[in-house]
Number of protein chains: 2
Amino acid sequence: MGRVVAESVELSPSVPAEPASDDSLLKPRVVIVGGGFGGLYAAKALKDQPVRVTLVDRRNHHLFQPLLYQVASAALSPADIASPIRAILRKQVNTTVLLAEVTAIDVPAREVVLDDGSRLPYDYVILAAGTSHAYFGHDEWEPLAPGLKSLEDALEIRRRVLRAFEEAEREPDPAEREALLTFVVVGGGPTGVELAGSIAEISRFTLARDFDHIDPTKAQVILLEGADRLLLTFPEKLGKKAAGYLKRLGVRVRTGAMVTGIDPQGVLLGEERIPARTVLWAAGVRASPLARTLGVDLDRAGRVVIGPDLSVPGRPEIFVIGDLAAGKDHRGKLLPGTAPVAIQQGHWVASNIARAVKGEPTVPFRYKDRGNMATVGRNVAVADIKGLKLTGFVAWLAWAVVHVFNLIGYKNRVLVTLQWIWAYVTFQRGARLITEEPDTRVAPPTSS
Amino acid sequence: MGRVVAESVELSPSVPAEPASDDSLLKPRVVIVGGGFGGLYAAKALKDQPVRVTLVDRRNHHLFQPLLYQVASAALSPADIASPIRAILRKQVNTTVLLAEVTAIDVPAREVVLDDGSRLPYDYVILAAGTSHAYFGHDEWEPLAPGLKSLEDALEIRRRVLRAFEEAEREPDPAEREALLTFVVVGGGPTGVELAGSIAEISRFTLARDFDHIDPTKAQVILLEGADRLLLTFPEKLGKKAAGYLKRLGVRVRTGAMVTGIDPQGVLLGEERIPARTVLWAAGVRASPLARTLGVDLDRAGRVVIGPDLSVPGRPEIFVIGDLAAGKDHRGKLLPGTAPVAIQQGHWVASNIARAVKGEPTVPFRYKDRGNMATVGRNVAVADIKGLKLTGFVAWLAWAVVHVFNLIGYKNRVLVTLQWIWAYVTFQRGARLITEEPDTRVAPPTSS
């Protein structure tokens, strides 16, 4: 196929698309790599600009990552927090959505290279490909301790957690049963705190009376953090508060705990062994390998070092945003890899491209810090909103409102709200399904 | 492990269960194989009987099969139509739920054999293991044309259908593009009719304006049926009506069409070839292989020939219900493999076991035929309710009410109703996700 596909996307008259006017063919081409917060909001902000936008993602859906742990903990269904990118951008006439994997950016040729070898030429490219899990040089830990980045990850974690209780119910050996009922979460950032809190809740409330031969409320949930406190990106007071809430839920919080090994029997902390059949990874991320194909400066985590206007120094046509970018705020502080940063950068990069198209100079990004939140349990959270530190139920309400409000689509907002109310009242979780892979593991019958 | 597990389930004091009173250990043991409609309703009906019930299923959830095609067609999420069996039976003190695969019934020993070799002794066994797809001796068709029995099947079909449109969008070759946009459903029973209708709706409404290079409304949906009309189990008038509705949706209905081959390029009908990249199977079912381990009479489809009281002739302690049973109504007519039959048999078998325990004679099953329904599109259906033949919108309303009402759990009823209203108003489908298998395809880190 080679370049045929890319040309058909751009030009080929054999494809039954609406005929492009000559005018639109002269407009600059913006290719966006990634349909997460950064990429999606950049595409939306380019809606009325005189550019032709192509958004490429290897998945067909935008994922509301901040609620992904709720899919992993069986509170929500995948579709509640994910929306098809095509549907979101349907009414945007200057934008094309492509389901494809990007394998490289060909900087000299100004082309994005796709998995089938075809290429998308660009005048501007926005790289928003995000991160994946990093195992600190121990990639062999990955199958033993899955991380939480995609819907597939969330379903895998849900499957492992629920299955551990089922296997414990059938296990006659007490030591093995205890290992099955021990859940270790590695990493005490927001994801780790939320995961540990939800697993504790599942065992203390949801499953409490469901089994005959085990007592799920006796399950051990252990949260391991290498630093000396939880939630390093939050004020210290809130990290302590979160640890207190977790302990009240029955989570064993261990700070200063450096994981030195993970094997099918459990976790090693130096000489100490924690026997556990379920280990979850929330300890680190690694930039998308796409960053390397740019051939520019990367930071230690593999992220692209960007200039103040979000472009790559010396490459004004290449912008990098979201978790993949090592950007700084106007005071020189490194920006965290959060949804608000990515969303704001998405808006900003769109207006900088609009400026560049008009021949105007680009403008340095200014981050508006609206706060930072993490939930711990069914009605407690910690929030740091412009210095105002909220804890407990008030923080949880603020957290719930902010998250529902930012979900994409009215339907998802209504469904998530209803399920939260239902879960709150009944202590149940609506998506307690153990689903396996399809029995027939073959590629779909297509020739491409 | 061997028998250890089974004994621990029954007797072992090392397992931290509530200590059984001596009295309860004398109660007869009823093992139910399968948590579908038959098995689940049998378990529920045994609630207050003086028996110890163990329900074994290889999945942790009861599935509301009549709405499974709505998961396959992206209208509902898996969790909306599935409920954890443990949660459903939580309050039932005489019942244990076991997540395990049953490999055989050891009739002489009166034991159910599990996949790990352990055994569950029984005084009565209720076999309700259902059916899987049958490819009429062409098992090689299975990976090419998935059927619709489990949530995994539904997600696989959803993935293939949505992915076909995505691949067509990128495909420059017109013939290949047409094959990608051709969907063949084999089998004109209720499942085939519902699947064909939903795929037509997806292409005509949901995706209509989502692509740039293809026109989804031009997708071909072809429904193949070997007999001379659709919906053979319905009155002829309703089968014709359904065919008319499907045609109006743009489905090509071909009766008298015998599939002679399926390959990655499409479907063969004798000399004729239909190029299609997506083929779905709704043409036949085969009884669970468990039936064979009974060593009793099976019918041509592998189902167990049962007596009037639902037990196996000569084996009063073995009952077979639901799709796995070849049972007759009181007029000698073979009962169809539907949810109402399974539910009524579940209730009936429970009362027959209660009688047997008391030393009373069992009673022949009497089926109350309350009707038969199938939907065709977003607001038309056909229904045959005690001779009253409904069609169109009225039938669809009846269908919707009956199905929502029979869903398990208030939450699911509310969520399904809301999503139907939303879909009805917006023409959208809430679960348009293409999810892949997890990247790390390893067994969970357990030793069992």
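Quick caveat, the model's predicted, so the values are computed rather than measured.

Caption draft 1: Fine view of the overall build of chain A. A tally of regular secondary structure across chain A gives twelve helices and 25 strands. Relative to the compact-globule value of 22 Å for 448 residues, chain A shows a C-alpha radius of gyration of 23 Å, a close match. Structurally, chain A occupies a C-alpha span of about 75 × 55 × 45 Å along its principal axes. Put simply, chain A has 448 residues, and 53% of those count as buried. In chain A, of all internal contacts separated by at least 6 residues, the share reaching a separation of at least 24 is 64%.

Caption draft 2: Here's a closer look at helix α10 (residues 339-357) of chain B. Residues and elements named next belong to chain B. Between the first and last C-alpha of α10 there are 27 Å, a value that for 19 residues agrees with the 27 Å anticipated at 1.5 Å per step. Of all the residues in α10, the buried ones are V341, A342, I343, Q344, Q345, G346, W348, V349, A350, N352, I353 and A356. Residues of α10 that are buried make contact with β1 (29-33), α3 (37-45), β9 (124-127) and β21 (315-320). One or two residues past the end of α10 sits G359, with phi positive at roughly 85 degrees.

Caption draft 3: Spotlight on the domain arrangement of chain A. Residue and element names in this part refer to chain A. Parsing chain A into structural domains produces domain 1 (3-133 + 286-357) and domain 2 (139-282). The straight-line distance from the C-alpha centre of domain 1 to that of domain 2 is 34 Å. Facing the twelve residues of domain 1 at the interface are 17 residues of domain 2. At the level of elements, α4 (68-72) and β10 (131-133) are the ones that each hand at least two residues to the side of domain 1 that touches domain 2. Here the side of domain 1 that touches domain 2 takes four residues from α4, the largest share from any one element. Considered class by class, the residues forming the side of domain 1 that touches domain 2 number nine nonpolar, three polar and no charged.

Caption draft 4: Spotlight on the nonpolar core. Residues A242 and L246 of chain A together with V186, A242 and L246 of chain B are the most contacted members of the largest nonpolar core, which totals 170 residues. When near neighbours in sequence (up to four residues on either side) are disregarded, A242 of chain A contacts V193, L230, L231, A374, V376 and V382 of chain A. Membership of the second largest hydrophobic core comes to 57 residues, among which are I88, A287, V304 and I353 of chain A.

Caption draft 5: Spatial organisation of the packing of helix α3 (residues 37-45) of chain A against helix α10 (residues 339-357) of chain A. Residue and element names in this part refer to chain A. Between α3 and α10, the shortest axis-to-axis distance is 7 Å and the interhelical angle comes to 35 degrees. For the element pair α3 and α10, the recorded crossing hand is right-handed. Taking contact as the criterion, the partners of F37, G38, G39, L40, Y41, A42 and A45 in α3 are, on α10, A339, A342, I343, Q345, G346, H347, V349, A350 and S351. Tallied by class, residues from the contact of α3 with α10 come to ten nonpolar, six polar and no charged.

Caption draft 6: Representation of the sheet that holds strand β23 (residues 372-375) of chain B in the model. Residue and element names in this part refer to chain B. The three strands are arranged β23-β24-β25 in an open sheet whose pairing can be described as antiparallel. Strand pairing shows two members of the sheet lacking a second neighbour, β23 and β25 (388-391), which therefore form its edges. Mean inter-strand twist for the sheet, computed between neighbouring axes without regard to direction, equals 5 degrees. In terms of strand pairing, strand β24 (residues 381-385) meets β25 through four bridges, oriented antiparallel. Among the inter-strand pairings, A383 is bridged to a residue of β25, identified as L390.

Procedures and definitions
Residues numbered from 1 in each chain as written. Chains lettered and ligands numbered in written order. Predicted model: local features only at pLDDT ≥ 70, side-chain atom pairs only at ≥ 80, totals over all residues. Helix = DSSP H or I, 4+ residues; strand = E, 2+ residues; numbered from the N terminus. Rg over C-alpha atoms; globule rule 2.2 N^0.38 Å. Buried ≥ 20, exposed ≤ 12 C-beta atoms within 10 Å, placed from the backbone. Contact = placed C-beta atoms within 7 Å. Expected span 1.5 Å × (residues − 1). Domains from an automatic or database assignment. Nonpolar A, V, L, I, M, F, W, Y, C, P; charged D, E, K, R; others polar. Core = buried A, V, L, I, M, F, W, Y, C linked by C-beta atoms within 7 Å. Axes fitted to C-alpha atoms, helices over the stretch in contact; angles between N-to-C directions. Left-handed = near helix turned anticlockwise from the far one by under 90°. Pairing = 2+ DSSP bridges.

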